[in-house]
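# Architecture at a glance
Below are the chains, spelled out letter by letter.
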Amino acid sequence: MRRRLFATRSVDSLVADTSVDGQALKRAVGPVQLTALGVGAVIGTGIFVVIGEGAALAGPGVIFAFVLAGLACLFSALSYAELASSMPVSGSAYTYTYATLGELVAWIIGWDLILEYGVAVAAIAVGWGGNVNAFLDATFGVTLPAAISQSPPDGTVNLPAVLVVLVITALLALGVRESARVNLVMVVVKLAVLIFFIVVACTAIRTGNFTPLLPEGGDGVVSAAAIIFFAFIGFDAVTCGSEEARNPAKDLPIAIIGSLVICTVFYVLVSIGAIGIAGAGTLSGSDAPLAAALSEGAGITWAAAILAFGALVAITSVVLVILYGQTRIFFSMCRDGLLPRRLATLHPRFGTPVMLTVGLGLLISVLAALVPLSEIVRLTNIGTLFAFVLVNVGVLVLRRTRPDMPRPYRVPFSPVLPLLGIGFAIYLMADLPASTWLRFGLWLLAGVVIYALYGYRHSRLRS
Ligand SMILES: NC(=[NH2+])NCCC[C@H](N)C(=O)O
């Protein structure tokens, strides 16, 4: 039984065995669109909203918190890049773990990621509803009635959240090429809005706003980084598209590392600009910190509409890529028999797993419509960090067990950088409250029970 629980799938079989009933996913996505998937998943509420919380904890030091969180992600990003280039199969951390630490751990991380992505999409969609109102208010001075635009207890049903999830579900079902194209447009729009912010901010920076630079010292920066980490989550979602990339071995490392670098540069510039024009106090006291910075720091009140629009588009692309990633992880787990394999059937024309895309989309839209989610959101960070640990471990394990496997991209200075990736991830996890750990534990326990009842018996690895 121990043998069985920790049985690994060979890299060769993973790469060779990708079709379901003779149908395979379409290799239709190039390097620019792959990078845009990364930027699409990453830039969202983190920079538009959470920056305020970071400023409350670290003052102007929030700028360093962005650098620190970006650096912490970089080590793991390199490990993702190595594994993605040598195992160009969808499923991200789930697949890499299957090849390195065996079926049980793979199931656990897959389960973790499916739920993490699902809850994140629902929570982000709920936030989208709030942003619709902010945008309508800033532009036309009207808002939707709370009853139909907020989840209980403030309203009855969050219709905007349902709408955005359903529209994106339909798009994802129609095709990966179409989805990647729409995402690219949204990414261009959100970057344009951030460039607008940076340019305007440059004209009104006051150096006095940077002092005192570290009111809460280094500790403040670290606590802020643990929260700001959220703003960087998403680059890993690129690896869900491995099987749909035209040239995965080369393009995936470019997209993973490229999107992380692009986002880090934007984040650091935006945070310098925001602190520079308005100071940490203005940011920490607002739930639309960037708009507040422009109106209070530079007297540009009409900027609120532009930033609300930018946030809306940004969040839409996050929902798109995360939902996409979730369907591909689920797909891989069905294909391996750990979940019902029938669900992984691909549409003959669209080439997408239509059944499970629509199923997951409907489930998430119900969740988004009715459930108040703020509490569950914190689980996002712990779930993602856990995946980072396993991916870094995966790199180290494969270098032992499969030293001469072809690795189009290799993490430099292994084992130092993967070990740093593990260290940073555990460090940030340790900063999260006990209640988050408890929920996380229960969540994984439920996963183990389901595995015992279903996956253990139906796994294709055995047959
Ligand atoms: N898998 C996830 N939990 N993704 C959430 C991505 C959040 C994104 N980085 C943002 O700032 O909004």
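All of the points below concern the structure found in this document.

Rules and cut-offs
Residues numbered from 1 in each chain as written. Predicted model: local features only at pLDDT ≥ 70, side-chain atom pairs only at ≥ 80, totals over all residues. Heavy atoms only, no water. Helix = DSSP H or I, 4+ residues; strand = E, 2+ residues; numbered from the N terminus. Rg over C-alpha atoms; globule rule 2.2 N^0.38 Å. Buried < 20%, exposed > 50% of the residue type's maximum accessible area, 1.4 Å probe, protein only. Contact = heavy atoms within 4.5 Å. Areas by Shrake-Rupley, 256 points an atom, 1.4 Å probe, with all protein chains shown as cover. Lys, Arg positive; Asp, Glu negative; His and termini not counted. Charge placed at Lys NZ, Arg CZ, Asp CG, Glu CD. 1 Å grid on protein atoms, 1.4 Å probe; cavity = no way out; pocket = protein on both sides within 12 Å on 5 of 7 lines; lining within 4 Å. Points joined across faces, edges and corners; volume = space filled by probe spheres on them. Nonpolar A, V, L, I, M, F, W, Y, C, P; charged D, E, K, R; others polar. Near = heavy atom within 4 Å. Polar contact = N/O pair within 3.5 Å; in protein donor to acceptor, adjacent residues only side chain to side chain. Sits in = over half its atoms within 2 Å of the grid points. Patch = residues over 30% accessible without salt bridge, like charges linked within 9 Å, V, L, I, M, F, W, Y side chains within 5 Å. Salt bridge = Lys/Arg side-chain N within 4 Å of Asp/Glu carboxyl O. Axes fitted to C-alpha atoms, helices over the stretch in contact; angles between N-to-C directions. Parallel < 35°, antiparallel > 145°, perpendicular 65-115°, else oblique. Left-handed = near helix turned anticlockwise from the far one by under 90°. Phe/Tyr/Trp six-rings, centres within 6.5 Å; stacked < 30°, edge-to-face > 60°.

## A look at the overall build of the protein
Helix and strand counts for the protein come out as 18 helices and 0 strands. For 463 residues, the compact-globule estimate of 2.2 N^0.38 gives 23 Å, and the C-alpha radius of gyration of the protein, at 21 Å, lies within 12% of that figure. In terms of overall dimensions, the protein has C-alpha extents of about 65 × 50 × 40 Å along its principal axes. Considering the protein as a whole, with its 463 residues, one finds that 60% of them fall into the buried category. For the protein, long-range pairs separated by at least 24 residues make up 84% of all intrachain contacts whose partners lie at least 6 apart in sequence. With the model as given, the accessible surface of the protein reaches about 17,300 Å², and the carbon-plus-sulfur share is 69%. Taken together, the 27 basic and 23 acidic charged side chains of the protein have centroids lying 12 Å from each other.

## Observations regarding empty space enclosed by the protein
Counting across every chain of the model gives 4 cavities of 30 Å³ or more. Contributing to the lining of the largest cavity are 19 residues, with A41, I124, F230, I233 and V318 lying nearest its centre. Per element, the largest residue contribution to the lining of the largest cavity is 4 residues, and it comes from helix 7 (residues 103–140). Taken together, the residues that form the lining of the largest cavity break down as 12 nonpolar, 5 polar and 2 charged. Taken together, R9, L14, D17, V89, S90, Y94, T95, S332, R335 and D336 form the lining of the second largest cavity. Per-class residue counts for the lining of the second largest cavity are 3 nonpolar, 3 polar and 4 charged.

## Examining the site of the ligand
Within the structure, the ligand sits among 14 residues, and V42, T45, G46, E116 and T380 are positioned closest to it. At 2.8 Å from an oxygen atom of the ligand is found a main-chain nitrogen or oxygen belonging to T45. At 2.9 Å, a backbone N or O of I233 approaches a nitrogen atom of the ligand. In this structure the site holding the ligand corresponds to the largest cavity. At the level of secondary structure, the elements contributing two or more residues to the shell around the ligand comprise helix 3 (31–42), helix 4 (45–58), helix 7 and helix 11 (217–232). The element that contributes the greatest number of residues to the shell around the ligand is helix 7, accounting for 4 residues. When grouped by side-chain class, the residues that make up the shell around the ligand number 9 nonpolar, 4 polar and 1 charged.

## Topic: a positive patch on the surface
A cluster of basic side chains, namely K26, R177, R181, R246 and R349, defines a positive patch on the protein surface. Counting through the fold element by element, R349 comes out in the loop between helix 14 (303–335) and helix 15 (354–370).

## What about the packing of helix 4 against helix 12 (residues 248–284)?
With their axes 10 Å apart at the nearest point, helix 4 and helix 12 run at an angle of 60 degrees to one another. When the axis of helix 4 is compared with that of helix 12, the two are oblique. The handedness of the crossing between helix 4 and helix 12 comes out as right-handed. Across the interface between the two elements, I47, I51, G52, A55 and A56 from helix 4 touch Y267, V270, S271, A274, A280, L283 and S284 from helix 12.

## Thoughts on the packing of aromatic side chains
The tally for this structure, following the rule as stated, stands at 16 aromatic pairs. With a centroid separation of 5.7 Å and 75 degrees between ring planes, the pair formed by Y80 and F388 is classed as edge-to-face. Here the residue Y80 occupies a position in helix 5 (residues 62–86), and F388 occupies one in helix 16 (residues 379–401), the gap between them amounting to 308 residues. Between the aromatic rings of W437 and F440, the centroid separation amounts to 6.4 Å while the plane-to-plane angle is 85 degrees, which identifies the pairing as edge-to-face. Taken together, the positions of W437 and F440, both in helix 18 (residues 434–458) and 3 residues apart, correspond to about one turn of that helix.

## Details of the packing of helix 7 against helix 9 (residues 159–174)
In contact at an axis separation of 8 Å, helix 7 and helix 9 are set at 120 degrees when each is read in the N-to-C sense. As far as their axial angle goes, helix 9 and helix 7 are oblique. In this structure, the crossing between helix 7 and helix 9 has a hand that is right-handed. Packed against helix 7, whose contacting residues are V121, A125, V126, W128, G129 and V132, the element helix 9 presents P160, A161, V164 and V165 at the interface.

The analysis is restricted to geometry; functional conclusions fall outside its scope.
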